[in-house]
Structure formats: structure tokens, C-alpha cells
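What follows is the residue order along each chain.
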Amino acid sequence: MKIDSTAKSLTISIVSLLIFVTAWELVCRLGFIEPLFMPAPSKILFRAIKMIDNGQLIAHTLASTRRVMVGFMISSLVAIPFGIFLGSSRFFMAVFDPLISLLRPLPSMSWIPLSLLWLGITETQKYSIVFMGSFAPSLLYIIEATKSIDPLLIRAAKNLGASKLDVMREVILPGSLPQIIAGLKVMLGIAWTCIISAELVAAREGLGFMIMNGKEYFQTDTVLLGMVMISITVMIIDVVFRKFERRLLPWTR
Amino acid sequence: MKIDSTAKSLTISIVSLLIFVTAWELVCRLGFIEPLFMPAPSKILFRAIKMIDNGQLIAHTLASTRRVMVGFMISSLVAIPFGIFLGSSRFFMAVFDPLISLLRPLPSMSWIPLSLLWLGITETQKYSIVFMGSFAPSLLYIIEATKSIDPLLIRAAKNLGASKLDVMREVILPGSLPQIIAGLKVMLGIAWTCIISAELVAAREGLGFMIMNGKEYFQTDTVLLGMVMISITVMIIDVVFRKFERRLLPWTR
Amino acid sequence: DGKPEKVTVIYGGSSWLGHYPAWVGIEKGLFKKHGLGVLFQNFYASSGRMGSLVAGDLDVAATGSISAIALMASGSKAFQAFGTPDSYATVEGIIAKENIKSIKDLKGKRIAAPFASSAHVLVLDVLEQNGLDPEKDLTLLNLKVNEMPAAMGSGEIDACAAWTPHFNKLLNMPGNHLLVNDTEFSLFKKYKLGPGPDLLVVRKEFAEKYPNTCQAFVKGYFEAVDMLIDEPEECAKVLVKLTSLDMEDQMAVLKDITWIKGDEQKALMVQPGDFVTGMQQLADFLVKHQQIDEAPKVKAWIAEKMVP
Amino acid sequence: MDTLTNGTKISIQGVTKIFSGKRDEVIALKELSMDVQDGEFIVIVGASGCGKTTLINLVAGFEAPTHGQIILDGQPVTGITPECGMIFQQYALFPWKTVQQNVEFGMKMKRMPQKERQERAARFIDIVGLKGFERSYPHHLSGGMKQRVSIARSLANDPKVLLLDEPFAALDAMTRQVLQEQLVRIYEKHRKTIIFITHSIDEALLLSSRIVVMTARPGRIAQEIVNDLPHPRNADVQLSNRYMELKRTIWDSVQAEVMKSMEVETH
Amino acid sequence: MDTLTNGTKISIQGVTKIFSGKRDEVIALKELSMDVQDGEFIVIVGASGCGKTTLINLVAGFEAPTHGQIILDGQPVTGITPECGMIFQQYALFPWKTVQQNVEFGMKMKRMPQKERQERAARFIDIVGLKGFERSYPHHLSGGMKQRVSIARSLANDPKVLLLDEPFAALDAMTRQVLQEQLVRIYEKHRKTIIFITHSIDEALLLSSRIVVMTARPGRIAQEIVNDLPHPRNADVQLSNRYMELKRTIWDSVQAEVMKSMEVETH
Ligand SMILES: Nc1ncnc2c1ncn2[C@@H]1O[C@H](COP(=O)(O)OP(=O)(O)OP(=O)(O)O)[C@@H](O)[C@H]1O
Ligand SMILES: Nc1ncnc2c1ncn2[C@@H]1O[C@H](COP(=O)(O)OP(=O)(O)OP(=O)(O)O)[C@@H](O)[C@H]1O
Ligand SMILES: [Mg+2]
Ligand SMILES: [Mg+2]
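Source: prediction; values computed, not measured.

About the criteria used
Residues numbered from 1 in each chain as written. Chains lettered and ligands numbered in written order. Predicted model: local features only at pLDDT ≥ 70, side-chain atom pairs only at ≥ 80, totals over all residues. Heavy atoms only, no water. Patch = residues over 30% accessible without salt bridge, like charges linked within 9 Å, V, L, I, M, F, W, Y side chains within 5 Å. Areas by Shrake-Rupley, 256 points an atom, 1.4 Å probe, with all protein chains shown as cover. Salt bridge = Lys/Arg side-chain N within 4 Å of Asp/Glu carboxyl O. Helix = DSSP H or I, 4+ residues; strand = E, 2+ residues; numbered from the N terminus. Buried < 20%, exposed > 50% of the residue type's maximum accessible area, 1.4 Å probe, protein only. Least-squares fit on C-alpha atoms with pLDDT ≥ 70 in both. Contact = heavy atoms within 4.5 Å. Near = heavy atom within 4 Å. Polar contact = N/O pair within 3.5 Å; in protein donor to acceptor, adjacent residues only side chain to side chain. Pairing = 2+ DSSP bridges. Axes fitted to C-alpha atoms, helices over the stretch in contact; angles between N-to-C directions. Expected span 1.5 Å × (residues − 1). Buried area = accessible area lost by both parts, 1.4 Å probe. Nonpolar A, V, L, I, M, F, W, Y, C, P; charged D, E, K, R; others polar. Parallel < 35°, antiparallel > 145°, perpendicular 65-115°, else oblique. Left-handed = near helix turned anticlockwise from the far one by under 90°. Domains from an automatic or database assignment.

Novice: Could you give me a rundown of a nonpolar patch on the surface, with the residues and numbers involved?
Specialist: Residues and elements named next belong to chain A. A cluster of nonpolar side chains, namely L26, V27, L30 and F32, defines an oily patch on the protein surface of about 420 Å² accessible area. Within the secondary structure, V27 sits in helix α1 (residues 2–29). Among the residues examined, V27 registers a relative accessible area of 31% and is labelled partly exposed.

Novice: Explain the relation of the copies chain B and chain A to me, using residue names and the numbers behind them.
Specialist: In the superposition of chain B on chain A (RMSD 0.2 Å, axial shift 0.1 Å), the rotation amounts to 180°. Here the symmetry operator amounts to a two-fold rotation axis. Looking at chain B, 100% of its interface residues are interface residues in chain A too, so the copies touch through the same face.

Novice: Now, about the site of ligand 2: what can you tell me, with residues and values included?
Specialist: Residues and elements named next belong to chain E. Close to ligand 2 lie 13 residues; S48, G49, T53, T54 and R217 are nearest. Separating an oxygen atom of ligand 2 from a backbone N or O atom of G51 is a distance of 3.0 Å. Side-chain polar atom of K52 to an oxygen atom of ligand 2: 2.8 Å apart, as the coordinates give it. When ligand 2 is considered free in solution it has 640 Å² of accessible area, and contact with the protein chains removes 64% of it. Sorting the residues of the shell around ligand 2 by element identifies β2 (25–37) and α1 (52–60) as the ones contributing at least two each. Broken down by element, the residue count for the shell around ligand 2 peaks at three residues, all from α1.

Novice: Before we move on, can you summarise the sheet that holds strand β4 (residues 79–83) of chain C with the specific residues and values?
Specialist: Residues and elements named next belong to chain C. With mixed pairing, the five strands of this open sheet are ordered in space as β2-β1-β3-β11-β4. Each edge of the sheet is formed by a strand with only one pairing partner; in this case those strands are β2 (37–42) and β4. Looking at each pair of strands side by side, their axes are set apart by 30° on average, direction ignored. As paired strands, strand β1 (residues 8–13) and strand β3 (residues 60–64) are joined by two bridges and run parallel to one another. Bridge pairing links G12 to A61 in β3.

Novice: Before we move on, can you summarise unusual backbone geometry with the specific residues and values?
Specialist: Of note in this structure, B:F218 is not a glycine but carries a positive phi near 55°. Taking the relative accessible area as the measure of exposure, B:F218 reaches 1% and is therefore buried. Even without being glycine, E:R111 reaches a positive phi, approximately 60°.

Novice: Break down the environment of D:V99 for me, with residues and values.
Specialist: Residue and element names in this part refer to chain D. Mapped onto the fold, V99 is located in helix α2 (residues 99–109). For V99 and A121, which are 22 residues apart along the polypeptide, the C-alpha to C-alpha distance reads 9.2 Å. Setting aside residues up to four positions removed in sequence, V99 forms contacts with I125, F133, E134, S136, L141 and V149.

Novice: With reference to specific residues and values, describe helix α4 (residues 143–156) of chain E.
Specialist: Residues and elements named next belong to chain E. With 14 residues, α4 extends 20 Å between its outermost C-alpha atoms, agreeing within 8% with the 20 Å of an ideal straight helix rising 1.5 Å per residue. Buried residues dominate α4, accounting for twelve of its 14 residues. Taken residue by residue, α4 has G144, M145, Q147, R148, V149, S150, I151, A152, R153, S154, L155 and A156 as its buried positions. D158 sits one or two residues past α4 and shows a positive phi near 50°.

Novice: Please give an account of the interface of chain B and chain C that cites residues and values.
Specialist: Chain B puts 22 residues into the contact, and the matching count from chain C is 29 residues. Taken together, both faces of the contact between chain B and chain C bury some 2100 Å²; the carbon and sulfur share is 53%. When residues of chain B are sorted by the area they lose upon contact with chain C, B:R204, B:Y217 and B:F218 head the list and together hold 37% of the total. Our enumeration of links across chain B and chain C arrives at two salt bridges. Among the salt bridges present, the one from B:K50 reaches C:D293, with a minimum N-O distance of 3.3 Å. The tally of links from chain B across to chain C stands at five residue pairs in polar contact (both at pLDDT 80 or more). Listed by contribution, the elements that provide at least two residues to the side of chain B that touches chain C are α2 (41–53) and α9 (207–216) of chain B.

Novice: Talk me through the pattern of salt bridges; I want residue IDs and the actual numbers.
Specialist: Scanning the model with the defined rule gives 61 salt bridges over all chains in all. For D:K108, the salt bridge is made with B:E170, and the minimal N-O distance between the two is 3.0 Å. With D:K108 in helix α2 and B:E170 in helix α8 (residues 164–201), this residue pair bridges two chains. Judged by relative accessible area, D:K108 falls into the partly exposed class, the value being 27%. Taking the shortest distance from any N to any O, the salt bridge between C:R203 and C:E205 comes out at 3.4 Å. Connected via shared salt-bridge partners are A:R66, A:R67, A:E123, A:E199 and A:E205.

Novice: Explain the site of ligand 1 to me, and be specific about the residues and the numbers.
Specialist: Residues and elements named next belong to chain D. Residues in contact with ligand 1 amount to 13 residues; listed here are only the nearest, S48, G49, T53, T54 and R217. The contact in question runs from an oxygen atom of ligand 1 to an N or O atom on the side chain of T53, over 2.6 Å. The contact in question runs from an oxygen atom of ligand 1 to an N or O atom on the side chain of H199, over 3.4 Å. Those elements giving two or more residues to the shell around ligand 1 turn out to be β2 (25–37) and α1 (52–60). Along the lines of polarity and charge, the residues of the shell around ligand 1 split into four nonpolar, six polar and three charged.

Novice: Report on the packing of helix α4 (residues 90–103) of chain B against helix α6 (residues 123–147) of chain B, specifying residues and quantitative values.
Specialist: All names here are of chain B. Across the interface, α4 lies against α6 with an axial gap of 10 Å and an inter-helix angle of 135°. The angle between the axes of α4 and α6 places the two elements in the oblique class. Of the two possible hands of crossing, α4 and α6 adopt the one that is left-handed. Residues M93, I100 and L103 of α4 form the contact with α6, whose participating residues are A136, L139, L140 and I143. Each residue belonging to the contact of α4 with α6 can be placed in one class, and the counts come to seven nonpolar, no polar and no charged.

Novice: Go over the domain arrangement of chain A, please, and point to the residues and values.
Specialist: Residue and element names in this part refer to chain A. Looking at chain A, the domain boundaries give domain 1 (1–33) and domain 2 (39–252). Each partner contributes to the interface: domain 1 provides five residues, whereas domain 2 provides five residues. Of the roughly 390 Å² buried between domain 1 and domain 2 on both sides combined, carbon and sulfur atoms contribute 69%. Counting the surface domain 1 buries against domain 2, the share from its top three residues, W24, E25 and C28, is 83%. Scanning the region where domain 1 abuts domain 2 turns up zero salt bridges. At the surface where domain 1 touches domain 2, the tally comes to three residue pairs in polar contact (both at pLDDT 80 or more). When its residues are assigned to classes, the side of domain 1 that touches domain 2 shows three nonpolar, no polar and two charged.

Below, the structure is given as C-alpha cells:
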């Protein structure tokens, strides 16, 4: 029954996608929409073929992906140990609390002007935007995750003779890992947001640049192609991430 | 005991904030940092006083807040009923699923070029960016929320004679409301992200514009003031939202 | 004078005409003649370039004077100015739809200018001359120059202030005409100074540490200016690599520029310093229009020793 | 058999229920047949996983049998029917409704006028001894009180049959005893037909007019025992020889079945 | 009293425990004193909320008494001590560790060499009848199996005292019986001192060498009953007159206390 209904849903989804794309194509072909405002899917496809041919599409996608990955890795590598430390220490949590609450609501975009002043239009500036945008929220996610651990488990560990450090390593880290990973998945989305905006404002390559540049040349097909590429890339990364997640959390089935 | 430790944390936080600000001021005063890159807190304060005086600070803040609120309200008003409907209908969920999954990973910024083509540099364009940026994730949050409802409650309602519509109105809506509101709180953060980036790229008022313009004139104090204002505004809205949340969910204590 | 202490100079520029001499100097080996290697770093916006200069990533740069004044006003003492290479008063201005005959007709219209630029200053100035308030009488939009042709084309704006080469492109679009150019700028009438003349700047620490290198750079640079005056065609051939224009457009741009030779610099910058006086007026103008807080004493930022 | 009136209320006819998972199938019930008379208090006992919940869900119409059918008052059950009021172990109260609103729910669904349903709800809240808690949210009640709200909610909806799936399992011994007594009182007064699932043989003996023991999976009926203990079933009855005898009979019957499933689990 | 050896293992001396909340204070225990002899199997019963968990938490060192003190082997308890192995009702297994790793945990904390602890863990997994499940995650085990892992984990750590807080309350009747028998066997073989909390009087009679009945809040000792039922306490014993007599005594004692707290709840 379950298999049946999943298969049914999939069929409906595919049919609905086909209808949607066909309708879009028709509306454009019949001239109801000015192609400047919305090009037909076929035009986007042609643009895609052209840009794959001259290598630009891959180059832009890789540029954005690389920036996201580098910035995100650095941010995670700092945030995870720091977050677990803060989550287990009331004192240092209180020390850093005002700073974190001030940084948390800041959209990563608001760092762009400052980062441009500090670092100019460089790759480091791009990484810094991703870092700035994802660090504070990652940290908060991780602190939250450490707090979600059943205190009973900490009691049980201590009752079996675990020291403070043992508790951190053997209970708090693995216990919060599923939530940390869930949080990082959200962060990865935010990292994409960061990089696209950084590229919209100042860049010479990347999907954000491609979209902005397309707009300046009135190539709405390039704009939409860029958007579709972002969607696809994020989806692919999501799938990869999920594979990796299962590896890391064998106990959750 | 609990009161004591909260008070203690607060004290530590305040002391740490004071130390941090003082250190920053000193480092700037002693000339370790070029003021272009990081102005002293006192300079930011002077800038704030000046811009409050000439009314600009309030004007920029209100402009951004208005844009966020309008875009966010429209997005929520559409997303809530639509999300509850999709969450209760397997068929329509399957129909809209491919479209939603394609839109979901798109950072709101990537809409900026397209929205500029469609709407030009208008207020509507700003609202549309907020809408585009927060609609798809809101919808997903709401669908998730409807799925988080204990199926036992739906069974119980049907067992007591509830029709499909009754179940939607009496069980699914109130049951998912706490999670919907939690999701909307996150969305409000995203709405801010949207508006700041929209203002960075094309605007003549708003906090994003203020930051970008400050950068053009090398007024790093204006840049930082803008960032601080975003933080503060988001925090204030958060507090207001929380008040409102308690009103709306009397049963959660 | 001795040999350069340091043989590599990092120059910050863009495809803007103010950077033509540096590019020609590099491509034609004029710096090499003086024992210098010059690295041309491309920056899209003045503000990023100036930030990099102050941060120590660049040694020398050319920049719009608005940007330079803003940086002076921010209190940064880390850089100095030592020359002005060009005047381009006829390739920057306000372009409007044909139904707008005079500045007064702009009332109630939508007009775009890149904020914090010379074109922005031009708009503020001519509006003031005609008694219009940019806050109340019309809508002033912040748009990048490269976005203007599109915005004019779609009718989203009624007029815009831009510079070459977009200036020329906008003029050639049907239905557009030139409303005013930089010659209408109030300071131009007095000092022959446009709203945003280009300025050569150097990192102060660099100038103090490597005086010989700086001298060599200045020599090579103004030899390039001479070449731009004497052999424009030769120069255009290498410039197209920087600007991506075709030869014809490139020559047209060159024709509109008035180059200022090395031996004229002293008079402008130091004795008697007409240009600097004009810059000071510009700074006061920016204060009046609340673009900067306080007018810097521009004289204090002139590297007198480097002016040829 | 003093609690029986004439007439078959529910007839379970050769019911089989198969759950097909992603990989394998579970046969939860196999050709189970059984009749419930009007006014009977049936208690079902059996090993964990033997299909008790599945059976009661079929009666309530939450699931459809794979084979066979269930007849309620002469009509086959085809969907969820409010005629069988279900009381869940986890209470299933609506957290966002007050006690009063929870109890009114079924009547509201029937579009009963507000005034009438308010009065009726108040009466049933009183019956289960919760007067004064009308405006409390479930959140603030203890487990025992929640279960009483759930019983009031069902009763107020006036179902013909009450289905209870281990309703008291989550409660402590004393609260459980109080609720058992209340349920017996309600049963005696309102003469509902009741199907009640439990793991506790004591509870079965205390409440039932008939006890049905189910086999380990796939669930069938192992034994049916008419409970002829006199009322009220107070401490004296519980220490009587007949009680001991019945208890041992059931114990042996369940034990045999449980052992089968335990063996599977431990090795 | 055949289960007693000489020597006081735990001495609870005039212990009071007050929880201060945001607004009010709860006096959970009031001047409670009690001695536990080495090798005793104490079962504590009492109304819900009377402070049983609080008492056992004090012994384990999870909380400190507000007044009075607890002496373990002549030393006052000042912090969490691995000498008192706690077995929780909710199992408290580490979900990210396999059965084997869970059982090894305490020994790993003692830095016991890997080989030695592997062997020891295997032995205790065998004792609780879980051979073959070493590499399963808790997630995949039934409640009864999880509780057995938790017992093995405690035993492998060789504590002097075992503390069990309603360890079988979440299990069904039969699984519970199997585990009760296993616990008695382990107790008889390893001669631990055990403090066991339950709500079930039957369970108390089945397991204990002494039964302590606590009063309703604030918790004090209402009655202590030496359980002289013969071993093994099979069905025959459970149907004996002495069993009935003891059960009624305890029942009456608990009932009086429970009624107090029930009254508070219902009105
Ligand atoms: N929706 C379902 N999908 C697959 N298998 C199911 C489903 N519901 C129940 N089962 C299986 O059917 C069998 C009977 O389950 P059921 O819940 O009826 O037992 P039960 O007698 O109520 O047990 P317990 O006493 O533990 O409540 C079990 O083996 C269970 O795993
Ligand atoms: N951390 C705490 N803070 C405040 N009050 C508490 C705390 N822990 C327990 N109490 C209160 O102390 C009293 C005794 O609680 P305790 O958990 O020891 O009871 P118990 O006998 O174990 O009950 P049960 O049988 O329901 O498990 C209760 O009224 C409880 O509300
Ligand atoms: Mg069941
Ligand atoms: Mg307890």
C-alpha cells in the first residue's frame, strides 16, 4: 500500500511537471508574454546548451560551489568545537552571549560592504561573506543541539564514572550530532544565499554574477538558467550531504 | 537557585559586553586600527546621534521595516491557507511538489535581477523580493507543521464525527499553529535578509542602502551603524512577535 | 636621482579612461624604460580600489575625486594625491527623454544617477542652480551606469546622469538627448573643474619609503600621457584590450578627452594650485549636500614632492 | 451473565488483516470470528503484538479488514463511525481546547446548538468528577484527569459502543483503581456495550462480563471465559477462591501464548 | 531474614530535601532516616509524588540533601558516585552505542584495557540473555531488551549498590515477570545491596527482603515490613494466605496515603 501510494504520487508529480512546462512553452510561443519578461523553456534550454558548449556554465557553477564549500567548511570547523564548548560551559556561554545575540540577526548581506572595504573584490572576500553569514547561526544551532540532549543520559554517564571531558566527548558530541548535522544542512542553504548575493554585488564569475550580468544584457534566458542551475546544484549537494549524514549516524537506522 | 544563576549569567554578560566595547574603543583610540577599517564605538555613537538628529536613521529603519512587514504579511497570508490545504491533500501535494522543490533552494537574492526586469526599481519590487524569498520556505514549513500533528488526534476527531473540513479547521490548523508560528519567526529573519540585499543592489532608502552608501563614502561608522540598527530592529520585532505568539497560543502555558 | 628602490609597483585601475595612461605605459614599455614593472589590478568601483590602497594592497591608483574626498573626510591619512591626468567634461552629463527640454522640466520625474559619483554631484549641482529640491521635487534613483540604458529603454526613468562609454550609448538611443554636460557644473565655470576629475593617488607610506620608485613611475606615466596626445591611434590599438571597445568607438572616446601634461601639473596641484582650490570647493559642496560630514583640508593630502 | 441483554451488537465475521510493509507482510489477524451482545463488557487480553489494537481499530473503522467483515447493528462497517466511541491509552485530547471544549467537540461536529452542548458537556464533566476544571487546558491535568476528560468526551457523544485500548496502562495503581470503579459505575448506569483491552488479568477480572484471550500472532481467539464473579467486585471478591481459579486459568492461557513471542524475542 | 548479612551499607540520617521553584517551595522529603544493611533487597512503595525518586537520587549523589546526610560505607555521599549503579525506568542507554559499547561504557571510563572490557561485557550480555545482539543499536531493541542492557551495563561496572527506579513500569506484564525472575537470580548470585522503587505491591512482595512504605508528600517512612515469604516466590506462594495477608497490610497502608493525594487532585 505504501509503495503504491509513493509511486502514485511520483506519477502525479511527473505529469504535473510536464503539464506545467508545456503550458509555459505554449504561452510563450503564442506570444502572450514578452520574451524579455519570460522566455520559453526551450529558449532556456538552448542557452544552457550554448553555455555548456563554451564552458561558461560549468565554470560559473564551479566557482560558486567552491566558494560555498570553502566558506562553509571553515565556518563549520570553527563552530562545532566552539559550540560544544559553549554548550557545556555556563560561564563562557554568558561571556559570549551578548556578542552572539548581536551578530545573529545580521543578514550575511549586510557584511558585504564592510567585507569589500576590508578585503576588496577577492576570493577571500567571498569566503568571508559565507563565513560571516553562516558562523553565528551555526554556532547557535550547535549550542541548541547540545542543550537538546536528554539530561538523563548525562546523569547515566556520570553514574558510570564519566568525567566532565568524558561526558563532552562520549555523550554531548555524539548525542547532539544528528541535530548538528540537521542544522548544518540548513546552514548550507544559507551559505548559498550568501554567495549569490556576494556575487550579485561584486564578482566576475559565479552563478550570481551570471544572473546579474544576464539581466544587464536583457538575456532573461540567462537569468532563468542561472536560477535553475542554483536550484539543481543545491539539490545535488543536498543529496550528497544526506548520503554523508547516513554514514555519520549509523545508529539512526 | 535558578534565579541566582540567571542573574549571575546576566552579570557576566554585561561585564563581558562592557569589556569588549572598552577594548574596541581603546584599540581604535591608540591607533592600532585604521579608522577606515574599523571606527571606534564612540564614532558610531556620534554618527547615530547625528543621523537621529537629521531624521535619516529613523527614515531608513522605517523604510526597511515597512518593506519587510508588507512582503512578509502577504507571503504569510497566502502561504498559511495554501500550506494547510496542501498538507491535507495527498493529490495536490503531489501536483505542486516538483514546483516547490525547484523553488525552495533558490536564495531570494537570485530573484533580484528578474524582479528588476519585471518591476523596475519600485517599492513593489522590494515587496516582491521579500515575498519570493519567504513564500516557498514558509509553505514548506507549514506543510511540515501539518504533518507533525499526531495522527491519533485526527483519528480521535473523525471518531467523534468530524468531517474532512472539520478536521482541517479544528485539528490541523490549531495543531500546527505553534510550529507554523515558529516557522514564521524564522521566515521573518529571512525576510530581513531579502530586504537588505534588495536595498544593497537598488534603492535610495532603507538600512541596506544606508550601509552600501556609507561604504561608497568611506563612512565605515555609517556602515557599522546600519548593521547595528538591523540587529536592534530584528531583536525588537522578535520580542513583539513573541508577545503576539503567547496571545495566539494560550494553551502552551 | 637614483635607481628605483623597488622595481614592482602595483597600480589599481579599471577600464575607465582615467586609467589609460597607466595601461599605455605598461603596454608600450614606458615604465620598463625607467626600470619599473607595473602590475595593473582591475577594480570595478573606486571605493574598493581606495580601500585596497589604504589597506596596503596597492601602491598607486587613479580615482574619481569624489571618492578621494570622501576618503579624506573619513580621516584616512594613509594616502596622498600627486596629479590629475585628464579632463572629460563633454563625455559626462545628464541625458533625458526628448520631452524634457530643460532642467526645470525634470520636476516630478524619475531621474537616476550612481550615488556617490561625479554624475550624482552634477545632478545635485544643476538641480540646485535651477532651484529644485532632489528630495521633494523629483525622484532620484540610485542606479549603476551600466544599468541605465536598460532603464531608459524600458521607460522606467525619464533621465539619467552617466559618463562615457555608456554616456555615448545613451545619447545614440532614439528619443534621448543631452540635457547638460559637465561644462554646466558650477565649479567648471570658475575653475574648469568637472564634478569628479580623476586624481592620481599614492599610498603615503610607499611614497616616503620609495621616493625614487615614485619618481620613475611619474616619469613613465606622463610619457604615456604625451604618447596619448601624440599618437592616439597607436595607443588605441592597445587600449581596446582594456576596454573591449572596437577601434572606432575607442578613437571616439579618445577624441573627447583633454589630457593634462606633466609640465602643467605643478600649476594645478601646487603653484598656485587652482585644481586643489577647486577640489576644496567641491568638498564644501559635498558637505552642503550632506554627502560628507566635514570638508577636509585638501591641501594636506597633496604629495608635493611627487608632482612633476 | 446478568449483564447480557438480548441481541447481537457487533459481529466479527472471519476477519483477516494483513499489513504489507516495504519488504515483508505481517498477518496481524487471521480469520477471527466473534460476536458481541448488546450490553456486554468484553475484555480482550493477549500477548503484546497479538493484534488486539488492530482488532479494535477494525471495529472503529480506522482500518478496513483484508478479508471478512464486521457488522455493527446489522450494517457492515465501511468507514470511521462515531457510533463506536474510542478511548485511547494516550488520551488523544486536543491540547488547544479546554476541558469544556474537548467534551463539547463531538456535539459541535453534530452542529448541536451551543447552549445545549454546553449544558450536556457540563453534566458529563461532573459525572467524571472534574467539575471546576472546565477551563483548564489538558496540559495542566494529571494523566488520570486527562483520561477522565477523554471518557467524558466519548460519553457526551452518546456512542452505542465504547472501545477502550489499554486506557489505564499509563496510570499509577491507585488512580487506575479509581477510574476502574468509575467506569463500572458508568457501565452499570448507561448500559453501553464495551470492548476493553488490557494487559492486566486483575483488571480483566474486575471489569468484564466476558474475557477473550487471543493467541500470539497471527491473532485468533484462544479462549473465551464468562466472568461470573459477583458485583461489586471489592477486595473480598478479589481474595475469593473463584477469583483465584479464574485468574489461574487465564494466566495459564495467556502465558502459553506469551512464551511463544518471548522466545522469538530473546533469541 | 535470610537475605541479611551483617553491617550497615547505607545510612540515611535525618534527610530533608526542599526544591525551591520560581514561586514556591516543595518539601519532597522531611527528616527521613533509614538504614540499609549489606545485601538487603529493599523495595520502596508509596503514592505518586511522595519523594521516592528524590530519595534514590540523593543516594546516587545526583542531588544533595538540604539537611541531613547519607553515609555509604562509612563515608558521606558528596557527589555522583559510580559505587551506586542506577537503573532508570527510561533505560538511559546511549542510542549511538551498540549493546556491546553500552555495556563497556563504565569500564571504558575506568580506562580498563579494551580486551579485558570486551570479555567482561560479553559475559554480562550473556547473563541477561542477549547473546547475539551485541552489535544492535538500542533503537532496534524492545523495551524489555533495553532494560536488560541497562542492567548488564550497571552490573559490568561492579557497583556495590544497585538503585532501580520503577525499572519495569514501562514493560508489559509478561516481560516484566521474566525480568523480575532474572533480577532475583542475579541478586541471589552476586549478593548486591539493592534499593528498588515500584508502584506494584505484587512486585514488591515478589522481590524484596524488606518493604518500606512512604507517606504522601512530604515523604517520610510510614511503615517497614520484613518480607518473610519463602523462595522461590512462585505461583503457589502468590496464592498463599501469608501473601494475601501481607498484600492487604501494605495495600491498606499505601491506600491511606494515596487517598490523601488523590483528594487533592480531584478537587
Ligand atoms: N500499520 C501497521 N503496519 C505494519 N504492521 C503493523 C501495523 N500495525 C500493527 N502492525 C503489526 O501487527 C501486529 C499486531 O499489532 P497490534 O498493535 O494490533 O498488537 P497489540 O496486540 O495491540 O499489541 P500491544 O499489546 O503491544 O499493544 C504487530 O506485529 C504489529 O507490528
Ligand atoms: N527538580 C525538582 N524541582 C521541583 N520539584 C521537584 C523536583 N523533583 C521532584 N520535585 C517534586 O518533589 C516531589 C517528589 O517527587 P518524586 O519524583 O521524588 O516523587 P516520586 O515518589 O518518585 O513520584 P512517582 O511515583 O510519580 O515517580 C514531587 O511533588 C515533585 O513535584
Ligand atoms: Mg495495542
Ligand atoms: Mg519517581
